[in-house]
Amino acid sequence: MNEAIPQLTSYDEPSLEAAFATLSEEVRTTDATDPEAFRLHWLGRKQGRLKLISEAWLKSAPAEARKPLGIRFNQLKQQIEQALESPVSAPAKSEQQGIDITLPGTVRAPGIPHPLLKTMHEIVSVFHHLGYSTNLGPQVESDFYNFEALNFPPNHPARDTQDTLQIAAQHTRPSRDRLLMRTHTSPVQIRTMIAQAPPIRIVIPGKVHRNDAADATHSPIFHQVEGLCVDTNITFSDLKGTLDHAMKALFGSAVKTRFFPSFFPFTEPSADVQISCIFCGGKGCRKCKHSGWIELLGCGMVDPAVFASVTEERRKLNPSDDAYNPEKITGFAFGMGVERIAMIQHGISDIGHFYSGDVRFLEQFA
Ligand code: DAH
């Protein structure tokens, strides 16, 4: 990065004066933020600029010019050493570039959590306060965890309710090992129970995938929070009390809940939970299709067939395992869609807003 050596054609006083003024200015404006680079550039023993210039100029200097040249080179060296000792005395970059430091600075807004993550954390934290912990599982899941162990046998019509994205080239594998994108967070219930004995209280937030066409309320990728509680003497009343509390915590204490009979292969009995419409207070409006109620999540008591699948897996490791004997323990489970809850919380009518990346939408949640 050494620039060319400036030429000195005349050695009279005014020429020397001008030549050294130029050099001095060059020292003053050399970037000194890296002192070692600055030192090498000017004072390097072999290629230092001071050395190269002084050699070039002294070589062809007439005898009487040697002294004034020497004095000036010494002064220049002092200037360089001074700049090294107190780099702050070097002019600030902004001064060199003519930046007006009285102008207002660039404001960088701090980032905010995405509204979906915010709602997901809110849901999870309601359950953390009830003593639940968090578990996560893989998004690429096997048929066994996503369906079979949850009491969806191969070819069972209940599988049709969750249009599945299959991973390619799995047909040579045994059906239970075939990989797919998980269609719900429920497989993590199985993973958790195989790994640990009751009591269990967990929530499972995460991404799920379905081969659904996108519209105002559907997206092929969305989010759920699953819950599982297994212990001795867990009853449907515990399920009702827990979810009623959670809905009040999320939507306000005035909200009422009701439980409707439903069907899921992995719970028996199963229920859909509805909350009183938070837009009209239950009187009936467009949002609740004039019913006064909004359907929000699925739940139920863990089906003994699920405990049986878990026990079968656990016995591969410990043949006498009896931790999930349905005579001794019971449990409840629930699963809710995060997008749906966030849309109701904020009155958002199109699920696509969450994924559009439009800052004008997102910054409203700051
Ligand atoms: N996995 C269900 C779905 O995605 C939701 C669900 C319903 C989860 C009932 C549960 C449950 O744990 O008990 O449609």
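Fair warning: this is a prediction, and the values are worked out from it, not measured in the lab.

### Describing the overall build of the protein chain
Here is step 1 of the chain: Helix and strand content of the protein chain: twelve helices and nine strands.
Here is step 2 of the chain: By the burial criterion, 41% of the 366 residues in the protein chain qualify as buried.
Here is step 3 of the chain: Partitioning the contacts of the protein chain with sequence separation of at least 6, the portion at a separation of at least 24 is 67%.
Here is step 4 of the chain: When the accessible surface of the protein chain is split by element, carbon and sulfur atoms take 54% of a total near 20,200 Å².
Here is step 5 of the chain: When the 37 basic and 41 acidic side-chain charges of the protein chain are each reduced to a single mean position, those positions are 1 Å apart.

### Digging into helix α8 (residues 187–195)
Turn by turn, an α-helix covers 3.6 residues, leaving residues three or four places apart pointing in a common direction.
Here is step 1 of the chain: Extensive coverage of α8 is indicated by the burial of seven of its nine residues.
Here is step 2 of the chain: Restricting attention to buried positions, one finds in α8 the residues P187, V188, Q189, I190, T192, M193 and I194.
Here is step 3 of the chain: Tucked into the core, α8 has its buried residues touching β2 (140–142), α7 (143–146), β4 (200–209), β5 (221–231), α10 (304–315) and β9 (330–337).

### Some details on the packing of helix α2 (residues 35–43) against helix α4 (residues 66–85)
Here is step 1 of the chain: For the pair α2 and α4, the least separation of the axes is 10 Å and the interaxial angle reads 170°. In terms of orientation, α2 lies roughly antiparallel with respect to α4. Contact residues: α2 offers P35, F38, R39, W42 and L43, while α4 offers K77, I80, E81, A83 and L84.
Here is step 2 of the chain: Taken together, the residues that form the contact of α2 with α4 break down as seven nonpolar, no polar and three charged.

### Here we look at the environment of A61
Here is step 1 of the chain: Looking at the secondary structure, you find A61 in the loop between α3 (49–59) and α4.
Here is step 2 of the chain: Its relative accessible area of 10% is what places A61 among the buried residues.
Here is step 3 of the chain: In this structure, the C-alpha to C-alpha distance between A61 and F20, residues 41 residues apart in sequence, is 15 Å.
Here is step 4 of the chain: Apart from residues no more than four positions distant in its own chain, A61 is found in contact with Y11, R66 and L69.

### A look at the pattern of salt bridges
Pairing of side chains with opposite charge becomes possible as their charged atoms draw close.
Here is step 1 of the chain: This model, assessed by the stated rule, comprises 17 salt bridges.
Here is step 2 of the chain: A salt bridge links E17 to R72; the shortest N-O distance between them is 2.6 Å. Residue E17 is located in helix α1 (residues 13–29), and its partner R72 is located in helix α4; the two are separated by 55 residues in the primary sequence.
Here is step 3 of the chain: For D358, the salt bridge identified is with R360, shortest N-O distance 2.7 Å.
Here is step 4 of the chain: A cluster of three or more residues bridged by salt bridges with shared partners is formed by R176, D177, E313 and K316.

### Quick look at the sheet that holds strand β1 (residues 133–134)
What holds strands together in a sheet is hydrogen bonding between their backbones, with the strands either parallel or antiparallel.
Here is step 1 of the chain: If you trace the seven strands from one edge of the open sheet to the other, you get β1-β4-β5-β9-β8-β7-β6, paired in mixed fashion. Of all the strands in the sheet, the pair left with one neighbour each is β1 and β6 (257–264).
Here is step 2 of the chain: Where strand β8 (residues 293–302) lies against β9, five bridges are found, and the strand directions are antiparallel. Residue pairing for β9: L297 is matched across the bridge by M336.
Here is step 3 of the chain: Lying over the sheet, helix α6 (residues 115–128) contacts β1, β4, β5 and β9, oriented at roughly 165° with respect to β4.

### Focus: the site of the ligand
Here is step 1 of the chain: Among the 16 residues in the neighbourhood of the ligand, the closest are listed as H184, S186, R210, Q224 and E226.
Here is step 2 of the chain: Here H184 contributes a side-chain N or O atom positioned 2.8 Å from a nitrogen atom of the ligand.
Here is step 3 of the chain: For the ligand, an oxygen atom lies 2.9 Å from a polar atom in the side chain of R210.
Here is step 4 of the chain: Bound to the protein, the ligand loses 92% of the 360 Å² it would expose on its own.
Here is step 5 of the chain: When atoms are counted within 2 Å of each cavity's grid points, the one that captures over half of the ligand is the largest pocket.

### Side note on the domain arrangement of the protein chain
Here is step 1 of the chain: In terms of domain boundaries, the protein chain breaks down into domain 1 (13–97) and domain 2 (115–365).
Here is step 2 of the chain: With centres defined by C-alpha atoms, the gap from domain 1 to domain 2 works out at 73 Å.

### Structural notes on α1
Here is step 1 of the chain: Taking 1.5 Å per residue as the helical rise, α1 with its 17 residues ought to reach 24 Å, and the 24 Å between its terminal C-alpha atoms agrees with that figure.
Here is step 2 of the chain: If you check which residues of α1 are buried, you get L16, A19, F20, L23, E26 and V27. Mapping the buried residues of α1 onto a view down its axis gives an arc of 110°, with all of them on the same face. In α1, the exposed positions angled more than 90 degrees off the buried face are occupied by P14 and T22.
Here is step 3 of the chain: Contacts made by the buried residues of α1 are with α2, α3 and α4.

What counts, and where the lines are drawn
Residues numbered from 1 in each chain as written. Predicted model: local features only at pLDDT ≥ 70, side-chain atom pairs only at ≥ 80, totals over all residues. Heavy atoms only, no water. Helix = DSSP H or I, 4+ residues; strand = E, 2+ residues; numbered from the N terminus. Buried < 20%, exposed > 50% of the residue type's maximum accessible area, 1.4 Å probe, protein only. Contact = heavy atoms within 4.5 Å. Areas by Shrake-Rupley, 256 points an atom, 1.4 Å probe, with all protein chains shown as cover. Lys, Arg positive; Asp, Glu negative; His and termini not counted. Charge placed at Lys NZ, Arg CZ, Asp CG, Glu CD. Axes fitted to C-alpha atoms, helices over the stretch in contact; angles between N-to-C directions. Parallel < 35°, antiparallel > 145°, perpendicular 65-115°, else oblique. Nonpolar A, V, L, I, M, F, W, Y, C, P; charged D, E, K, R; others polar. Salt bridge = Lys/Arg side-chain N within 4 Å of Asp/Glu carboxyl O. Pairing = 2+ DSSP bridges. Near = heavy atom within 4 Å. Polar contact = N/O pair within 3.5 Å; in protein donor to acceptor, adjacent residues only side chain to side chain. 1 Å grid on protein atoms, 1.4 Å probe; cavity = no way out; pocket = protein on both sides within 12 Å on 5 of 7 lines; lining within 4 Å. Sits in = over half its atoms within 2 Å of the grid points. Domains from an automatic or database assignment. Expected span 1.5 Å × (residues − 1). Arc of directions from axis to C-beta.

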